[in-house]
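Next come the chains, spelled out residue by residue.
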Amino acid sequence: MAKVYAVTNQKGGVGKTTTSVNLAASLAATKRKILLIDLDPQGNATMGCGIDKASLEYSVYDVLVAGRSVADTVVVAPECGFMVLPANQDLTAAEVELLNEIGREFRLREALAPILGDYDYILIDCPPSLNMLTINALAGSGAVIIPMQCEYYALEGLSALINTINRVKQLINPKLEIEGILRTMFDGRNSLTNQVTDELRRHFGEKLYSTVIPRNVRLAEAPSHGLPILFYDKQSKGSLAYLALAGEMLRRAGKTDSHGDVKEDEQLGQIHG
């Protein structure tokens, strides 16, 4: 049964899509079956996986609004080793069209139910706002991954997001938990970065991933080539960081390897090489 994670933060530009795409690729490299859902009308996760959003015949819009099955809508991410439920600007209309629908908050959860047994992990790249799409993601997930920069305003935004998650947990999805908080665009030489890290550790303890994602030029370049960083520059700091994050997630989940005799640390070591 798949573990479903919403990758979300109401603040834009914090690395949600970068994390969604590269974590999907890193988990897939450990022989897990991965589905990445692009729930952002900008379709950046779709494009970052090498899929042309302009030429899509069907997208997540058709799943949410027209009731099309996920299994019939997913496409293969070329060269990446995982599946994608893609998005484009059609998704902008979904929120308006769902306004008067009964059970609109649960459309994604209901759509995912038949395919949960087909994957090990499902990652949902959320839009940078609290709208019906984000609510659908939170209603359909078991846990939330929160990417954030170590900046003062990011802490204020995080507080609002935690309140939203708690509200959704209370009213819609009692199983929803915070999986982890991920520090992105990390620069340990910056004193503010260290202060924010101390605050996060004090408030969230083990929920704070020990893995950090550094500022990395190669990581920023990869989307323009339609590739996760693992396939663009395997030895870059960004690639190694997301592989480390995948390993940390698997250890947290208490995964014993069910895909052979190689444990995840050894698998990740082989990928590094």
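Please read all numbers here as calculations on a predicted model, not as lab measurements.

Section: the overall build of the chain
Scanning the chain for helices and strands turns up 12 helices and 8 strands. Its C-alpha atoms give the chain a radius of gyration of 18 Å, near enough to 19 Å, the size a compact globule of 273 residues would have. The buried share of the chain, taken over its 273 residues, is 52%. As displayed, the chain has an accessible area near 12200 Å², and 50% of this comes from carbon and sulfur atoms.

As for the pairing of strand 2 (residues 34-38)
For strand 2, the tally of buried residues reaches 5 of 5 residues, placing the bulk of the element in the interior. The two faces of strand 2 match: Ile34, Leu36 and Asp38 on one face and Leu35 and Ile37 on the other face are all buried. In this structure, strand 2 lies alongside strand 5 (residues 121-125), joined through 5 bridges in parallel fashion. When the bridges of strand 5 are listed, Leu35 appears paired with Ile122. Relative to strand 4 (residues 83-85), strand 2 is paired through 3 bridges, and the arrangement is parallel. Looking at strand 4, one finds that Leu36 is bridged to Val84.

Section: the sheet that holds strand 1 (residues 3-7)
Read across the sheet, 8 strands follow the order 3-4-2-5-1-6-7-8 without closing on themselves; strand pairing throughout is mixed. On the outer flanks of this sheet lie strand 3 (75-76) and strand 8 (208-214), each paired with one strand and no other. This element, helix 1 (residues 16-28), spans strand 1, strand 2, strand 5, strand 6 (143-149) and strand 7 (177-186) of the sheet and lies at about 165° to strand 5.

Thoughts on helix 11 (residues 237-252)
A rise of 1.5 Å per residue sets the reference length of helix 11, with its 16 residues, at 22 Å; its end C-alpha atoms lie 22 Å apart and thus fit the reference within 8%. For helix 11, the full list of buried residues reads Gly238, Ser239, Ala241, Tyr242, Leu243, Leu245, Ala246, Gly247, Glu248, Met249 and Leu250. Looking one or two places after helix 11, you find Gly254, whose phi comes out positive at around 65°.

What about helix 7 (residues 152-171)?
Between its terminal C-alpha atoms helix 7 stretches 30 Å, which fits the 28 Å expected from 20 residues at 1.5 Å a residue. Listed as buried for helix 7 are Ala154, Leu158, Leu161, Ile162, Thr164, Ile165 and Val168. All buried residues of helix 7 lie within an arc of 165° about the axis, which places them on one face of the element. For helix 7, the exposed residues lying more than 90 degrees away from the buried face are Asn163, Gln170 and Leu171. In this structure, the buried side of helix 7 is in contact with helix 6 (132-139), strand 6, strand 7 and helix 8 (191-204).

Topic: the nonpolar core
Among the nonpolar cores identified, the biggest contains 49 residues, and Ile37 and Ile122 are the most heavily contacted of them. Not counting the four nearest positions on each side in its chain, Ile122 is found in contact with Ala2, Lys3, Val4, Tyr5, Leu35, Ile37, Leu112, Ile115 and Leu116. Within the second largest apolar cluster, 34 residues are counted, among which are Tyr5, Val84, Tyr121 and Ile213.

Here we look at the packing of helix 7 against helix 8
The relative placement of two packed helices is expressed as an angle between their axes plus a distance between the axes. In contact at an axis separation of 10 Å, helix 7 and helix 8 are set at 25° when each is read in the N-to-C sense. Taken together, the axes of helix 7 and helix 8 are roughly parallel relative to one another. Helix 8 is crossed by helix 7, and the crossing has right-handed handedness. In this structure, helix 7 uses Tyr152, Leu155, Leu158 and Ile162 to contact helix 8, whose residues at the interface are Leu192, Val196, Glu199, Leu200 and Phe204. For the contact of helix 7 with helix 8, a count of residues per class yields 8 nonpolar, no polar and 1 charged.

Rules and cut-offs
- Residues numbered from 1 in each chain as written.
- Predicted model: local features only at pLDDT ≥ 70, side-chain atom pairs only at ≥ 80, totals over all residues.
- Heavy atoms only, no water.
- Helix = DSSP H or I, 4+ residues; strand = E, 2+ residues; numbered from the N terminus.
- Rg over C-alpha atoms; globule rule 2.2 N^0.38 Å.
- Buried < 20%, exposed > 50% of the residue type's maximum accessible area, 1.4 Å probe, protein only.
- Areas by Shrake-Rupley, 256 points an atom, 1.4 Å probe, with all protein chains shown as cover.
- Pairing = 2+ DSSP bridges.
- Contact = heavy atoms within 4.5 Å.
- Axes fitted to C-alpha atoms, helices over the stretch in contact; angles between N-to-C directions.
- Expected span 1.5 Å × (residues − 1).
- Arc of directions from axis to C-beta.
- Core = buried A, V, L, I, M, F, W, Y, C linked by side-chain atoms within 4.5 Å.
- Parallel < 35°, antiparallel > 145°, perpendicular 65-115°, else oblique.
- Left-handed = near helix turned anticlockwise from the far one by under 90°.
- Nonpolar A, V, L, I, M, F, W, Y, C, P; charged D, E, K, R; others polar.

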